[in-house]
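The residues making up each chain are set out below.
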Amino acid sequence: MKQELSARALQMTNARLRESVASLKNKLKFLITCSEENEIKSQRIEEMEDVLAASGSMKELFDSLVVQGARVFEMDVITVTLDESLARLWPDEYKSGAGSFYLNSDNILFASMDSLKSTFSNLDAPVLRGSLKKGAAEFFPSQISGKVHSEALLPVSVGGRLHCVVAFGSRNAGRFTDGDGVRFLRRLSRTLVLRMEFLLMRENALDAEPASVMESAAPGL
């Protein structure tokens, strides 16, 4: 009787050990998968940062993000909605919807940032939504929104002031889930802020140059 009980106890112990080992293996596989995915995301962000760092103007910066970003992040569509005060840095045709000449004009939008703030409860955090019938109309034009079934809306802000919103759209309803990739999106936002500040400073300096030249030439007139 004792031997039988001992044998059963041993079987139960071995079964539990096998279950524990199997559970640990599954957890290890999950950790490895997460690590590999994070490495891929990190590499993509680094590649995108290199592309953005090479941009020589605000227009080039966001054209690169829209076009190259779709390739780097394997995204169906990326749009950028900028503060309307920045529209002066783009050709007038961008604002008139003449997309036949400027191929990216449909993906570059201008709007009052005050009207878009309510989209975000926190301007330092992106909004991720999946299983959508269509993408957010304010960020995806009508001809695009119907193709978007999962979206990530990235606010680009400084000191509580919203400068632009980058919208990533995917046909895959499960592409974006709450919490997935937020760290990398925030990193991209910081990169955009730094590059925008640099380009705006340079644009303002260039705008001021003619006045400086005129002032220096004035005494000799």
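Please refer to the structure higher up on the page.
The following refers to the structure shown.

Criteria and cut-off values
- Here, residues in each chain are numbered from 1, in the same order as that chain's written sequence.
- The predicted nature of this model means local features are confined to residues of pLDDT at least 70 and side-chain atom pairs, given and counted, to a pLDDT of 80 or more, with totals for whole chains, interfaces and linings taken over all residues.
- Excluding hydrogens and water, the side-chain figures rest on all heavy atoms present in the structure.
- For the purposes of this entry, the term helix denotes a DSSP run of H or I that reaches at least four residues, the term strand denotes a run of E that reaches at least two, and both are numbered from the N terminus.
- Burial here depends on accessible area, computed with a 1.4 Å probe over protein chains only, as a share of the maximum for the residue type. Under 20% is buried, over 50% is exposed, and the range in between is partly exposed.
- For the accessible areas, the method is Shrake-Rupley and the probe is 1.4 Å, while residue cover comes only from the protein chains on display.
- Among the buried residues, those of types Ala, Val, Leu, Ile, Met, Phe, Trp, Tyr and Cys that are joined through side-chain atoms within 4.5 Å form a nonpolar core.
- For this analysis, residues touch if any pair of their heavy atoms sits within 4.5 Å.
- In this analysis, strands are considered paired if DSSP registers two or more bridges between them.
- Angles run from 0 to 180 degrees between N-to-C directions of axes, and those axes are lines fitted to C-alpha atoms, restricted for helices to the stretch in contact.
- Contacts described as polar in this section are N or O atom pairs within 3.5 Å, which, within protein, must combine one atom able to donate a hydrogen with one able to accept it, while residues neighboring in sequence count only if both atoms come from side chains.
- Counted as salt bridges are all cases of a side-chain nitrogen of Lys or Arg within 4 Å of a carboxyl oxygen of Asp or Glu.
- In this scheme, a helix's expected span is set at 1.5 Å multiplied by one less than its residue total.
- Throughout, the bend at a residue refers to the angle made by two axes, fitted to the seven residues ending there and to the seven starting there.

Looking only at helices and strands, the chain features five helices and five strands. What you see in the chain, going N to C, is helices and strands ordered as α-α-β-α-β-β-α-β-β-α. Taking all 221 residues of the chain together, the buried fraction comes to 38%. Working note: accessible area of the chain is about 13,200 Å², and carbon and sulfur atoms make up 54% of it.

As a rule of thumb, soluble globular proteins bury nonpolar side chains together. Counting residues in each nonpolar core, the largest one holds 36 residues, and the members touching the most others are F62 and F168. Every element with two or more residues in this core is listed here: α1 (2-53), α2 (58-72), β1 (77-83), β4 (150-158), β5 (161-170) and α5 (182-217). Considering each element in turn, this core owes the most residues, nine residues, to α5. When sequence neighbours within four positions are dropped, the list of residues in contact with F168 reads F73, M75, V77, I78, F140, S150, E151, A152, L154, F176, L185 and L188. With 15 residues, the next largest nonpolar core counts V77, M113, L162 and V165 among its residues.

A word on unusual backbone geometry. For residues besides glycine, phi is generally negative; the peptide bonds are generally trans as well. Of note in the backbone geometry, E74 takes a positive phi value of approximately 55° without being a glycine. In this fold, E74 is placed in the loop between α2 and β1. Not every positive phi belongs to a glycine, and S131 is a case in point at roughly 55°. Take S131: it is sitting in the loop between β3 (127-129) and α4 (142-145). Of the residues examined, S131 reaches a relative accessible area of 65% and is grouped as exposed.

What follows is about the pairing of β5. With nine of its 10 residues buried, β5 lies for the most part within the structure. Pairing of β1 with β5 involves six bridges; the strand directions are antiparallel. Note that in β5 the partner of V80 across the bridge is V166. Of the strand pairs in this sheet, β4 and β5 are connected by nine bridges, and their pairing is antiparallel. What sits directly across from L154, in β5, is V166. Hairpin connection of β4 to β5: two residues between the antiparallel strands, including G159 at a positive phi of 55°.

Pairing is mixed in the open sheet, where five strands are placed in the order β2-β1-β5-β4-β3. Two strands in the sheet have a free side with no partner beyond their single neighbour: β2 (108-111) and β3. Each adjacent strand pair in this sheet contributes to an overall mean axis angle of 15°, direction not counted. Sheet topology places β3 next to β4; three bridges connect them, and they run antiparallel. Residue pairing for β4: R129 is matched across the bridge by E151.

The next thing to look at is the side chain of N107. Here N107 lies in the loop between α3 (92-95) and β2. Its relative accessible area of 14% is what places N107 among the buried residues. In this structure the side chain of N107 is engaged in a polar contact, spanning 3.0 Å, whose partner is the backbone oxygen of I78. When neighbours within four sequence positions are excluded, N107 is seen to be in contact with V66, V77, I78, T79, V80 and I144.

Within the structure shown, the criterion is met by six salt bridges. In this structure, the salt-bridge partner of R44 is E74, at a minimum N-O distance of 3.2 Å. Pair noted here: R44 is in helix α1 and E74 is in the loop between α2 and β1, with a separation of 30 residues, a long-range link. Overall, E74 belongs to the exposed group, its relative accessible area being 55%.

To continue, consider α2. Under the 1.5 Å per step criterion, the end-to-end length of α2 is 20 Å for 15 residues, consistent within 8% with the ideal 21 Å. Roughly 30° is the biggest bend found in α2, and it falls at V66. Regarding α2, the residues found buried are M58, L61, F62, D63, S64, L65, V66, G69, A70 and V72. One or two steps after α2, the chain reaches E74, where phi turns positive at roughly 55°.

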